[in-house]
Amino acid sequence: MAHSKPKSDAPFLFPKCEASVLPDPSRFFSNHLLSNPLPTNSFFQNFTLGKGDQPEYFHPYLIKPAKSSLSTSYPSLFHNSDFFHEVCKPDITFSGSPVVDQSSRQTHQISSFSDLGVNLDFPSSNLRFLLVRGSPFITFSVSCNTITISTSHEFVSFCGNSLSTKYVAKLNNNQTWLIYASSPIKLTKHDNSSIRCRGEFSGLIRMAVLPNSKPDFEPVLDRFSRSYPVSGDADFTKPFTLEYKWEKRGHGDLLMLAHPLHLKLLSKENESVTVLDKIKYRSIDGGLTGVIGDSWVLKPDTVPVTWHSLKGVKQGSSREEIISALINDVISLNSSSPVSSWSYHYGKVIARAARLALIAEEVSYLHVIPEISKYLKDMIEPWLDGSFGPNSFVYDPKWGGIITVQGSRNAREDHGYGIYNNHHVHLGYFLYAIAVLVKIDPLWGERYRAHAYTLLADYMTLGRKCGGYDSTFPRLRCFDFFKLHSWAGGLTVFADGRNQVCPSEAVNAYYAAALLGLAYGDVHLVAAASTIMSLEIHASKMWWQVKEDNVMYPKDFTAKNRLVGVLWSTERDSCLWFGDKEWKECRLGQQLLPLIPVSEVLFSDVKFVKQLVKWTLPALKRDGVKDGWKGFVYALESVYDDKYEALQKIRGLHEFDDGNSLSNLLWWVHSRD
């Protein structure tokens, strides 16, 4: 499903910019990739930044490149009540002898990548690693070279078969690793920490840890050792369907690993797939289960995309209270008032105003819509035509994306937007406001259609260049096809990989894209954006929302937390970027804002909502808790409790989050059952 795309020159509606804060991609990307837009929030991003030596998580292994070697870790979990993370200790390191050619690149090189994998080359030693997420094997090719396999532990035993094509290495940390070769290779134990190859070798080597050192798993890994993936694509073949297809080589069936959300969404119609319940690998994301098959079909829930609440606001006093607040909120709209020039906060302000228009529609109080429409035009158009003085959108040709002038000059400005942090979040607010304005004024929408679709394409480009699509932006910039949710972080090195704080804002980004599709009659965009939105909701419920009976996370963490603060690739933290673990109201607010119709689906589990609010309410007694955060707590309290009590609390608030309003909170409460 490919949404309608803007004209080929659409990005240059926004001027090009040479951003001084952006790293040079040519250090780690192969030359033939540099003419294409490049990923900025990918599962292998650490391999492209700084020294390229920080680890990334490939389920079940952490992978850490060095100058001429690659280390893999089957990580253990360190945990306490505040956070838990995977411990990266190099269990196995692969290296090759330096080649004679001194002109070879001395760092690793990304020679190709796909939705589910990346090829990492080490030209200085003729090694190529075929890293595919969810593979129980580490696979690499060797060309005319000798190799060394070493460990930070000790090899307590090492033996091979009579054909010299399989070896078993046992370590003193109770791990057992299996080594497979595509042709005979003479491996011998050099000392307690290294194994070396006698003579040059050309061919393929695969290595897998034996989970829990269970010997009955070994025949299973033997069986699937000859079939290996080199890449993997993920495609939205139809609404609310995501299909994985791995390019495999070798012989026999393909064995991959599925995390708990994969298993939840695997289609029952997928007859070519067999789940091996007994094959389990540990993971911070829950146990990984063996699945046979080179094509999976995932089917998330169908989530309706609507402009208004799912059940509406009843006539009578509820409607009258909303209208009273609406009148006051619309009167306060003033495009000349001071407002933040940072795209995130500016976007929240205009999205807040757009909510007022839709609330007015829902309560049939249409008198205020022209005034809201004028305000939105006055606020949005300067960003689209470049006349907003303090900041503006520009196009970065180096990585391929829409950044801002402020962000291009200082990586800390605009919440890191210039280095591709949180693009889906910032632009999601803008596109929400634009979608509402297009709905209100279709003629305005036609005038700015190319601008709207250009902003959309920055994080919602679906096609690949080889398929003839516009190659101005990378494919789904922030969305992770394996984890099934978006990441923030951008072009910053993090030892714990990518991160995401606000899954609700990610939901909003794709909800806004779907609304834009509704406004323009673009059914393909509606279908694709709705599907991604549904996946984001599933992921938020799976990994951010911590129910009291959660068995996926460590017991000490689950006992003290109902929400994850910052979710990293390899860590779960109870703190936020701007607040400590005691700021529970901020954690709740960060995972509910913005309050929109689809929030009903995100927090549809009433039992969990009750647990969450009960956990949060004591935090409101701290000195200095802002009313803006309290509003979100009271909104969720109205889901399960007597609405009157929540209404009384909301009526007593004196300020609101910059993306929220009294009208919006009243709309939410009065549209509950």
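Calculation notes
Counting restarts for each chain: residues are numbered from 1 in the order of the written sequence. The predicted nature of this model means local features are confined to residues of pLDDT at least 70 and side-chain atom pairs, given and counted, to a pLDDT of 80 or more, with totals for whole chains, interfaces and linings taken over all residues. Values shown for side chains rest on all heavy atoms present in the structure; no hydrogens or waters enter the calculation. Runs of E in the DSSP output that reach at least two residues are strands. Runs of H or I that reach at least four are helices, and both are numbered from the N terminus. Throughout, the radius of gyration refers to the C-alpha atoms, and the reference size of a globule is 2.2 Å times the residue count to the power 0.38. Here's how the labels work: a residue is buried when its accessible area is under 20% of the maximum for its type, exposed when over 50%, partly exposed in between, all with a 1.4 Å probe on protein chains only. Pairs of residues are marked as contacts when any of their non-hydrogen atoms sit within 4.5 Å. We treat two strands as partners when DSSP finds at least two bridges between them. pLDDT measures how confident the predictor is about each residue, on a scale from 0 to 100. The term disulfide is used for any two cysteine sulfur atoms that are within 2.5 Å. Residue count minus one, scaled by 1.5 Å, sets the expected span of a helix. Axis lines are fitted through C-alpha atoms, for helices just across the contact stretch, and the angle between N-to-C directions can take any value from 0 to 180 degrees. Ring pairs shown here join Phe, Tyr and Trp side chains whose ring centres sit within 6.5 Å, with only the six-membered ring taken for Trp; geometry is labelled stacked below 30 degrees between planes, edge-to-face above 60, and tilted in between. A ring is considered to have a charge above it if a Lys NZ or an Arg CZ atom is located within 6 Å of its centre and within 35 degrees of its normal. Angle categories: roughly parallel below 35 degrees, roughly antiparallel above 145, roughly perpendicular from 65 to 115, and oblique for all the rest. Left-handed describes a crossing whose near helix is turned anticlockwise from the far helix by less than a right angle; the clockwise case is right-handed. Each residue receives one of three labels: charged for Asp, Glu, Lys and Arg, nonpolar for Ala, Val, Leu, Ile, Met, Phe, Trp, Tyr, Cys and Pro, and polar for the others, Gly being one of them. We count Lys and Arg on the positive side and Asp and Glu on the negative side, and we leave His and both chain ends out. What makes a salt bridge here is a side-chain nitrogen of Lys or Arg within 4 Å of a carboxyl oxygen of Asp or Glu, nothing more. Pairs of N or O atoms are called polar contacts if they sit within 3.5 Å, as long as, within protein, a hydrogen donor faces a hydrogen acceptor (for residues adjacent in sequence, only side-chain-to-side-chain pairs).

Student: Is there a simple way to think about the overall build of the protein chain in this case?
Tutor: Within the protein chain one finds 18 helices and 30 strands. Relative to the 2.2 N^0.38 estimate, which gives 26 Å for 673 residues, the radius of gyration of the protein chain is 26 Å and therefore close to what a compact globule would have. Considering only C-alpha atoms, the protein chain reaches an extent of 85 × 50 × 50 Å along its principal axes. Looking at the protein chain residue by residue over its 673 residues, the buried ones come to 62%. The contacts of the protein chain with a sequence gap of at least 6 include a subset with a gap of at least 24, amounting to 68%.

Student: Looking at this model, I keep getting lost on the pairing of strand β3 (residues 69–73). Mind explaining?
Tutor: Successive residues of a regular strand alternate their side chains across the two faces of the sheet. The buried fraction of β3 amounts to five of the five residues, a majority that puts the element mostly inside the structure. Taking every second residue as pointing to the same face, both faces of β3 are buried, with Ser69, Ser71 and Ser73 on one and Leu70 and Thr72 on the other. Bridge count for strand β2 (residues 62–65) against β3 is four bridges, and the pairing is antiparallel. Bridge pairing in β3 links Lys64 to Ser71. The antiparallel pairing of β2 with β3 creates a hairpin that spans three residues between the two strands.

Student: How do you make sense of the confidence of the model for the protein chain when you look at a structure like this?
Tutor: Low pLDDT marks stretches whose predicted atomic positions should not be read closely. This prediction gives the protein chain a mean pLDDT of 94; 96% of its residues lie at or above 70. When the criterion is pLDDT under 50, residues 1–10 qualifies, and its contacts beyond four places in sequence or with other chains add up to 31 contacts.

Student: Could you clarify how one ought to interpret the state of the cysteines in this entry?
Tutor: Disulfide: a covalent bond formed between the sulfur atoms of two cysteine residues. As enumerated under the stated definition, the model contains zero disulfides in all. Here Cys17 is not disulfide-linked; the sulfur of Cys478 is the nearest cysteine sulfur, at 19 Å. Take Cys17: its relative accessible area is 14%, and that puts it in the buried class.

Student: What is the right way to look at helix α10 (residues 503–520) in this model?
Tutor: Because an α-helix completes one turn every 3.6 residues, residues spaced three or four positions apart along the sequence face the same direction. For α10, with 18 residues, the first-to-last C-alpha span of 26 Å sits near the 26 Å given by 1.5 Å per residue. For α10, the buried fraction is high: 16 of the 18 residues fall into the buried class. Gly521 sits one or two residues past α10 and shows a positive phi near 70°.

Student: Help me understand the sheet that holds strand β19 (residues 241–250) in this model?
Tutor: Consider a sheet: its strands pair through backbone hydrogen bonds, and that pairing is either parallel or antiparallel. Here three strands make up an open sheet; going across it, the order is β18-β19-β23 and the pairing antiparallel. Here the strands that pair on one side only, and so sit at the sheet edges, are β18 (227–238) and β23 (295–298). In this sheet, adjacent strand axes meet at a mean angle of 15° when their direction is disregarded. Direction of pairing for β19 relative to β23: antiparallel, over a ladder of four bridges. Across the sheet, Glu243 pairs through a bridge with Val297, a residue of β23.

Student: Quick question: what am I supposed to make of the packing of aromatic side chains here?
Tutor: The description of two aromatic rings rests on the distance between their centres and on the angle between their planes. Overall, the coordinates contain 46 aromatic pairs when judged by the stated rule. Judged by centre distance (5.2 Å) and plane angle (70°), the rings of Phe393 and Phe430 are edge-to-face. Residue Phe393 is found in strand β24 (residues 393–396), and its partner Phe430 is found in helix α7 (residues 423–440); the two are separated by 37 residues along the sequence. An aromatic cluster is present here, built from Phe29, Phe43, Phe44, Phe47, Phe58, Phe113 and Trp399 joined pairwise through their rings. Sitting above the plane of the Tyr520 ring, Arg449 keeps its charged end 4.7 Å from the centroid.

Student: What exactly am I supposed to notice about the packing of helix α16 (residues 627–640) against helix α17 (residues 643–651) here?
Tutor: Packed helices, taken two at a time, are described by the angle their axes make and the gap between the axes. In contact at an axis separation of 8 Å, α16 and α17 are set at 165° when each is read in the N-to-C sense. If you check the angle between α16 and α17, you find them roughly antiparallel. In the crossing of α16 with α17, the sense of the turn from one axis to the other is left-handed. On α17, the residues touching Tyr634, Glu637 and Ser638 of α16 are Lys643, Glu645, Ala646, Lys649 and Ile650. Split into classes, the residues belonging to the contact of α16 with α17 amount to three nonpolar, one polar and four charged.

Student: Would you take a moment to explain the sheet that holds strand β21 (residues 274–281) for this structure?
Tutor: The strand order across the open sheet built from three strands is β20-β22-β21, with neighbouring strands paired in antiparallel fashion. The outermost strands of the open sheet, each flanked by one partner alone, are β20 (255–258) and β21. The average angle at which neighbouring strand axes cross in this sheet is 35°, direction not considered. Of the pairings in the sheet, the one linking β21 to strand β22 (residues 288–292) comprises five bridges and is antiparallel in character. By the bridge assignment, Tyr281 is partnered in β22 with Leu288.

Student: Even after reading the chapter, I still don't get the side chain of Arg355, so can you show me in this structure?
Tutor: Within the element layout of this structure, Arg355 appears in helix α4 (residues 343–362). Buried within the structure, Arg355 lacks any salt-bridge partner; its nearest side chain of opposite charge belongs to Glu362, at an N-O separation of 5.7 Å. Within the structure, Arg355 has its side chain in polar contact with the side chain of Asn664 (distance 3.0 Å). When residues no more than four places from it in sequence are discounted, the contact partners of Arg355 are Trp307, Tyr432, Leu595, Ile596, Pro597, Asn664 and Trp667.

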